[in-house]
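Structural overview for review
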Amino acid sequence: MLEEIRKAILPLIDQHDCNLDDLVYEKENGEWYLRVYIEKKEGDLDINTCAAVSEDISAKLDEIDVIKDEYYLEVSSPGIEKPLRSWDKVVENVGEYVHIDFKDPKEGLNEVEGTILSAQDDTIEVQYFVKGRKKKINVPYDNVKFIRLAVKF
């Protein structure tokens, strides 16, 4: 279903000079949500663009009638601290500052914030600082509970 939706909405998103960042269909508090995360190809995403994309997507989804449940459609930016929901997204963001929560502690840590140095062979190498000293940690991707971009202060 999501692949059919993706194919149907990609041209609409492109018409608004945007890229699809992520597409999520999930149940939350008993309600279904179709969340479409977009980014502007050039410049910043604004509310008017989100509204226009939302109208186009809503009309298209009514036309193709692929979702049988009632749902809420949300079109927005993934945000400055966007989640990296797949290995491909992690690879695309090598060099970026991230926050990672671990499933199981790694080197005594439950989480780490730092810069992705590399992402190869299902392992993420992250450089982080402890008391002003550089450290590195290799995190197997299957030990990542959650990863997102982070703002560095």
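These remarks concern the structure in this document.

Further remarks concern helix H2 (residues 47-64). If you check H2, its first and last C-alpha atoms are 26 Å apart, about what 18 residues at 1.5 Å a residue would give, namely 26 Å. Those residues of H2 that fall on the buried side of the exposure criterion are Thr49, Cys50, Val53, Ile57 and Leu61. The buried residues of H2 occupy one face: seen down the axis, they fall within an arc of 90°. Every exposed residue of H2 that faces more than 90 degrees away from the buried side is listed here: Asn48, Glu55, Asp62 and Glu63. Just downstream of H2 lies aspartate 65, where phi reads positive at about 45°.

What follows deals with the packing of helix H1 (residues 2-15) against H2. For the pair H1 and H2, interaxial distance at closest approach is 10 Å and the crossing angle is 145°. Crossing of H1 over H2 shows right-handed handedness. Here Ile5, Ala8, Ile9, Leu12 and Ile13 of H1 come into contact with H2, specifically with Val53, Asp56, Ile57, Lys60, Leu61 and Ile64. Considered class by class, the residues forming the contact of H1 with H2 number nine nonpolar, no polar and two charged.

With that settled, the discussion passes to the sheet that holds strand S5 (residues 109-120). Within the open sheet, the five strands sit side by side as S7-S6-S5-S4-S8. Their pairing is antiparallel. Every interior strand has two partners, whereas the edge strands, strand S7 (133-140) and strand S8 (144-149), have only one. Across the sheet, the axes of successive neighbouring strands diverge by a mean angle of 40°, strand direction being ignored. Note that S5 and strand S6 (residues 123-130) share five bridges and pair antiparallel. Bridge pairing links serine 118 to glutamate 125 in S6.

What counts, and where the lines are drawn
- Residues numbered from 1 in each chain as written.
- Predicted model: local features only at pLDDT ≥ 70, side-chain atom pairs only at ≥ 80, totals over all residues.
- Heavy atoms only, no water.
- Helix = DSSP H or I, 4+ residues; strand = E, 2+ residues; numbered from the N terminus.
- Expected span 1.5 Å × (residues − 1).
- Buried < 20%, exposed > 50% of the residue type's maximum accessible area, 1.4 Å probe, protein only.
- Arc of directions from axis to C-beta.
- Axes fitted to C-alpha atoms, helices over the stretch in contact; angles between N-to-C directions.
- Left-handed = near helix turned anticlockwise from the far one by under 90°.
- Contact = heavy atoms within 4.5 Å.
- Nonpolar A, V, L, I, M, F, W, Y, C, P; charged D, E, K, R; others polar.
- Pairing = 2+ DSSP bridges.

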